[in-house]
2 protein chains.
Amino acid sequence: MSILIRNVLFNEKPTDIFIEGTFIRQIGQDLQIDADVVIDGTKKAVLPGFVNAHLHAALTLLRGFAEDMPLEKWLHEKIWPAEAKHTDETIYWGTKLTCLEMIESGTTCFNDMYFRPKQVYQAVSEMGLRAFVTDTLFDFFDPKKTEQAKRLTEENLKLAQSFESTVRYIVAPHAIYTVSGELYKWCADFAKANNLNMHTHLSESRTEYENSIKNFGLSPVKYLKKLGVLSPNLSLAHVVWVDDEDIQILADYDVKVVHNPQSNLKISSGYQFKYVEMKEKGVTVCLGTDSCAASNNLDMTEAMKLASFMQKAWRFDPTVLSGQEVFDMATINGAKAFGINAGAVKEGYLADLILVDLNQTAFTPNYDTVANLVYSANGSAIDTMICNGKILMKNRIVQGRQDIIDSAIEAAKVISG
Amino acid sequence: MSILIRNVLFNEKPTDIFIEGTFIRQIGQDLQIDADVVIDGTKKAVLPGFVNAHLHAALTLLRGFAEDMPLEKWLHEKIWPAEAKHTDETIYWGTKLTCLEMIESGTTCFNDMYFRPKQVYQAVSEMGLRAFVTDTLFDFFDPKKTEQAKRLTEENLKLAQSFESTVRYIVAPHAIYTVSGELYKWCADFAKANNLNMHTHLSESRTEYENSIKNFGLSPVKYLKKLGVLSPNLSLAHVVWVDDEDIQILADYDVKVVHNPQSNLKISSGYQFKYVEMKEKGVTVCLGTDSCAASNNLDMTEAMKLASFMQKAWRFDPTVLSGQEVFDMATINGAKAFGINAGAVKEGYLADLILVDLNQTAFTPNYDTVANLVYSANGSAIDTMICNGKILMKNRIVQGRQDIIDSAIEAAKVISG
């Protein structure tokens, strides 16, 4: 299939974009090409789709389930008991709902850290998004569970060999306070041997940091270094509590960092994310929303705005983390972190694109499209989205939307009841 | 005119709302009443419209005009030179654009701190919103300018006597670093004599706070106290830099505080807003967006979210400033601050209402409508808005929208060129 987007704003100029199969083939003015589908891009801007680099998809069913509570009480009394009631069906509909929300807000690729990858895969592939899926690993330092986690991952990899190329398996041990060093080391070896990416939570809260010092005698970053698991294929979610030495280590090993401003703020894990220091040392920082149980939506536009606002605020410096920089975090940096040829509107890149509707107050006037997207708009500005060369939303219409919403409401009752 | 909203979610139950003239007359199940207009409220929730308690309306024309710059450079090289080019026409279209954006995001009442109240009044009354308008006063400590500011205000009050009842004049000296004590005192007397509200910027930045100590020997709050201008009719925008004694003074005089989280973060004036201390002492805190030149949109839903997130974050406490509390800041507290009988869905209150579309991912699932609005949704969730008993938006359609956007783009060229 081929798509021609006519007269769309690209680098602030009207441009045509020609997509063939799954790639962007040609970008230019007044292209003389026939295409199966022609999209009128007038009063719209073309931008790369977002890469949401950290979330827990089916947790969207617990959006707003338990608010304004202390963290431990929230987890033990509300979230974990509800999660224990998940079935294949609730995971499937929770993930479909998540995909719908991401399509409607311009995310073309995401990294899911949850369970039941078979159901997640089914939902994601039906929706047409690009994704990394997993079966999050825990062993709670129990050698029996360590072995179970290894076997589970080996089996999942077999399952994942039947996945379409847009969905890849990722190895994801949960966190250093729930996963043994032995399992972390095995995961790193397994990921390397099978050419997989690896993902884990790290240094999210002050408590985690202090316990790491107490239990391992090292900061979380230095502990992972000692285990020998740091590599360019590893991405770490949060990384709020780090010192200069930790950041230098992340740079040395080219480890990718996923900043999650919404959840860091809402559950109060830490607002002083060290973006400036990471940038100085050359660490690739990308962006995630975290789950809707923690931070309530999957809107990457909101994540960009919060990341920039917070960075400016706590440093008392309005010049840091500009609109363009945070936009790069949400797009090209995420693509780099996960090794996909996307995150930019360029010939030869994957056709993972969004068209932003400029005919709205958020873009009036429009001195700078990216600045307006980041600072003024929200996810509802996305009019059309194309992933892997397929149109998943046009004029804000997504096929099957009402059925997903209705079924997700029923699925939410199963786990919240 | 009368309006009957049928089967709308109110306090989480399906309810009918009957509006007659400008008031909410009856709330109940299955009301047996005829009305001129019947609105189907299925899959919608009714809530009070927002009160945006601090902004500079026509500055919306400079949205995104100058980003990520140091404050002084931004003001001196970009914003002030552009503002100097304003004409009656640019003020009019800038205000129309602002009203359109507020209608589309659920704000029924706002407090404008700008210039040319005649043009602002014309724009606001055409759009049907409730507003406080002004001619912001400066004298730069020059006695000649002090007298000019007084005469201007007296003339404006005469003009304002022809305003519709939905628009009121407010006395608004700019700030303690641009306005003399003499003018502040005169404003307070004038406001009292004419039963007007008074509004000013206060304690926005650390620089302002430190200069106040240096120049007046007092904190900004104590300086205003010494001048004798504190009263329940006074609202103060920002109030970031205050100590416990300042907060006690604000409570003693029942002065209202307007928190502006977006601009406080983006222009880095201060993120540690002392909401908890103000609440403890009984200070009424309401919410504003500030201008689009500073913080880029007028979305009160975003303002609520940021206020709550920031408060939780800097205190490392996820329980503070709950969804319901910040919703009250954005509605009933704003109404209280400006002395209008609105900000709640109650019989006998002004019919300033919004209908929120629940049939979207942001409200799926919907355990708690207010929490989902604050933490998950954004202004695009507002489906219908009624102000003073008139429908200003229905199913997201506002009359005259395209003309306002097109004309505002032209007006923006005049001041930015």
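Residues numbered from 1 in each chain as written. Chains lettered and ligands numbered in written order. Predicted model: local features only at pLDDT ≥ 70, side-chain atom pairs only at ≥ 80, totals over all residues. Heavy atoms only, no water.

### Here's the deal with the environment of L4(A)
Next up, step 1: Here L4(A) shows up in strand 1 (residues 2-10).
Next up, step 2: The buried category is assigned to L4(A), whose relative accessible area is 1%. (Helix = DSSP H or I, 4+ residues; strand = E, 2+ residues; numbered from the N terminus. Buried < 20%, exposed > 50% of the residue type's maximum accessible area, 1.4 Å probe, protein only.)

### Describing the pattern of salt bridges
Next up, step 1: For the structure shown, the criterion picks out 42 salt bridges over all chains.
Next up, step 2: One salt bridge connects K279(B) with E325(B), and the closest N-O pair in it is separated by 3.1 Å. Remark: E325(B) occurs in helix 13 (residues 323-330) and K279(B) occurs in helix 10 (residues 275-281); sequence separation between them is 46 residues.
Next up, step 3: A cluster of three or more residues bridged by salt bridges with shared partners is formed by E147(A), K150(A), R151(A), E154(A) and E182(A). (Salt bridge = Lys/Arg side-chain N within 4 Å of Asp/Glu carboxyl O.)

### Focus on the sheet that holds strand 13 (residues 285-287) of chain B
Residue and element names in this part refer to chain B.
Next up, step 1: On the basis of which strands lie adjacent, the open sheet formed by 8 strands has the order 6-7-8-9-10-11-12-13 and parallel pairing. Only two strands of the sheet have a single neighbouring strand rather than two, namely strand 6 (50-55) and strand 13. Taken pair by pair, the neighbouring strands of this sheet meet at an average axis angle of 25°, ignoring direction.
Next up, step 2: Pairing of strand 7 (residues 107-112) with strand 8 (residues 130-133) involves 3 bridges; the strand directions are parallel. Across the sheet, the residue bridging to F110 is A131, located in strand 8.
Next up, step 3: Sheet strands touched by helix 7 (residues 220-227): strand 10 (197-202) and strand 11 (234-238). Its angle to strand 10, the strand with the most contacts, is close to 145°. (Pairing = 2+ DSSP bridges. Axes fitted to C-alpha atoms, helices over the stretch in contact; angles between N-to-C directions. Contact = heavy atoms within 4.5 Å.)

### Some details on the relation of the copies chain B and chain A
Next up, step 1: When chain B is fitted to chain A, the residual RMSD is 0.0 Å, and the transformation amounts to a turn of 180° plus an axial shift of 0.0 Å. One copy is carried onto the other by what is essentially a two-fold rotation axis. Looking at the rotation axis and the C-alpha trace of chain B, the residue lying nearest is S380(B), at 3.4 Å. (Least-squares fit on C-alpha atoms with pLDDT ≥ 70 in both.)

### Here's the deal with helix 3 (residues 117-127) of chain A
Residues and elements named next belong to chain A.
Next up, step 1: Judged by how many residues are buried, helix 3 sits mostly within the fold: 8 of 11 residues are covered.
Next up, step 2: Considered for burial, the residues of helix 3 that qualify are P117, Q119, V120, Y121, A123, V124, S125 and M127.
Next up, step 3: Phi turns positive one or two residues past the end of helix 3, at G128, with a value near 90°.

### A look at the packing of aromatic side chains
Next up, step 1: Taken as a whole and judged by the stated rule, the model has 27 aromatic pairs over all chains.
Next up, step 2: Considering the side-chain rings of F50(B) and F327(B), the 6.3 Å spacing of their centres and the 75° angle between planes classify their relative orientation as edge-to-face. In this pair, F50(B) is assigned in strand 6 and F327(B) in helix 13, connecting sequence segments 277 residues apart. There is no split in this pair, since F50(B) and F327(B) are both buried.
Next up, step 3: Pairing F309(B) with Y375(B) gives two aromatic rings, centres 6.1 Å apart and planes at 15°, and the pair type is stacked. Residue F309(B) is located in helix 12 (residues 300-315), and its partner Y375(B) is located in helix 15 (residues 369-376); the two are separated by 66 residues in the primary sequence. Each member of the pair, F309(B) as well as Y375(B), carries the same accessibility label: buried.
Next up, step 4: Cluster of aromatic residues (ring-pair linked, three or more members): W241(A), Y271(A), F316(A), W241(B), Y271(B) and F316(B).
Next up, step 5: Over the aromatic face of F316(A) sits the side chain of R206(B), whose NZ or CZ is 4.7 Å from the ring centroid. (Phe/Tyr/Trp six-rings, centres within 6.5 Å; stacked < 30°, edge-to-face > 60°. Lys NZ or Arg CZ within 6 Å of the ring centre and 35° of its normal.)

### Thoughts on unusual backbone geometry
Of all residues except glycine, most have a negative phi; of all peptide bonds, most are trans.
Residue and element names in this part refer to chain A.
Next up, step 1: Here the residue pair T364 and P365 is connected by a cis peptide bond, since its omega of -10° sits within 30 degrees of zero.
Next up, step 2: With respect to the secondary-structure elements, P365 resides in the loop between strand 14 (353-357) and helix 15 (369-376).
Next up, step 3: The phi dihedral of F316 is positive, around 50°, even though this residue is not glycine.
Next up, step 4: Position of F316 among the secondary structure elements: in the loop between helix 12 (300-315) and helix 13 (323-330).
Next up, step 5: Its relative accessible area of 30% is what places F316 among the partly exposed residues.
Next up, step 6: A positive phi angle, close to 55°, is found at N388, a residue other than glycine.
Next up, step 7: On the secondary structure map, N388 appears in the loop between strand 15 (382-387) and strand 16 (390-393).
Next up, step 8: Its relative accessible area of 15% is what places N388 among the buried residues.

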